[in-house]
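# Observations on the model geometry
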Amino acid sequence: MRVIARKTLIDFYKREECRDAKGPLDVWWHEAKKAKWKSWTDIKDKYRSASVLKGNRVVFNISGNKYRLVVKINLPAQVVYIRFIGTHKEYDKIDAEEI
């Protein structure tokens, strides 16, 4: 998969209160980059706690569910667009199916 844009993840874990997200986000990024997901089931098989939403969105739990990562995935093109990364409190303020 091509993952766009890693800078969003880096900017997030550079925040003082989110530095503990660096390791888990780096692991997710490397795994996603190597992935060849063909279906939503492929994603759920790898990430059991991921939630597949409308609009080709997937929510991943990061750092033991401390943070939420929302991506939009174009399976045929093999592209993952990072749409949001934040705390649960920040996540509660967005519409994950629209962001």
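First, a word on what this report is: a plain description of the structure on this page.

Cut-offs used in this document
- Residues numbered from 1 in each chain as written.
- Predicted model: local features only at pLDDT ≥ 70, side-chain atom pairs only at ≥ 80, totals over all residues.
- Heavy atoms only, no water.
- Core = buried A, V, L, I, M, F, W, Y, C linked by side-chain atoms within 4.5 Å.
- Buried < 20%, exposed > 50% of the residue type's maximum accessible area, 1.4 Å probe, protein only.
- Helix = DSSP H or I, 4+ residues; strand = E, 2+ residues; numbered from the N terminus.
- Phe/Tyr/Trp six-rings, centres within 6.5 Å; stacked < 30°, edge-to-face > 60°.
- Lys NZ or Arg CZ within 6 Å of the ring centre and 35° of its normal.
- Pairing = 2+ DSSP bridges.
- Axes fitted to C-alpha atoms, helices over the stretch in contact; angles between N-to-C directions.

## What about the nonpolar core?
- Core analysis: the biggest nonpolar cluster contains 27 residues, and Trp28, Trp37, Phe60, Leu69, Val71 and Ile73 have the highest contact counts within it.
- Secondary structure elements with two or more residues in this core: helix H1 (6–13), helix H2 (22–34), strand E3 (57–62), strand E4 (67–74) and strand E5 (79–87).
- In this structure, Val59, Val70, Tyr91 and Ala96 belong to the second largest nonpolar core, which totals five residues.

## Some words on the packing of aromatic side chains
- In the structure shown here, the tally under the stated rule is five aromatic pairs.
- Their ring planes at 85° and their centres at 5.2 Å tell us that Phe12 and Tyr67 sit as a pair that is edge-to-face. Here Phe12 is found in helix H1, whereas its partner Tyr67 is found in strand E4, with 55 residues between them in sequence. Judged on exposure class, the residue Phe12 and its partner Tyr67 are both buried.
- Look at Trp37 and Tyr47: their rings are 6.4 Å apart centre to centre, the planes differ by 80°, and that puts the pair in the edge-to-face class. Of this pair, Trp37 sits in the loop between H2 and helix H3 (40–46) while Tyr47 sits in the loop between H3 and strand E2 (51–53); the two residues are 10 residues apart in sequence, bridging distant segments of the chain.
- Relative accessible area serves as the criterion here: at 5%, Trp37 is assigned to the buried category.
- Relative accessible area serves as the criterion here: at 14%, Tyr47 is assigned to the buried category.
- Taken together, the ring pairs connect Trp28, Trp37, Tyr47 and Phe60 into an aromatic cluster.
- One Lys or Arg, Lys46, reaches over the ring of Tyr47 and ends 6.0 Å from the middle of that ring.

## Some words on the sheet that holds E5
- Spatially, E1-E5-E4-E3-E2 is the arrangement adopted by the five strands of the open sheet, whose pairing is mixed. For this open sheet the edge positions go to strand E1 (2–4) and E2, each flanked by a neighbour on one side alone. Put simply, the sheet's adjacent strands are angled 30° from each other on average, direction ignored.
- Of the pairings in the sheet, the one linking E4 to E5 comprises eight bridges and is antiparallel in character. Note on E5: the bridge partner recorded for Leu69 is Ile85.

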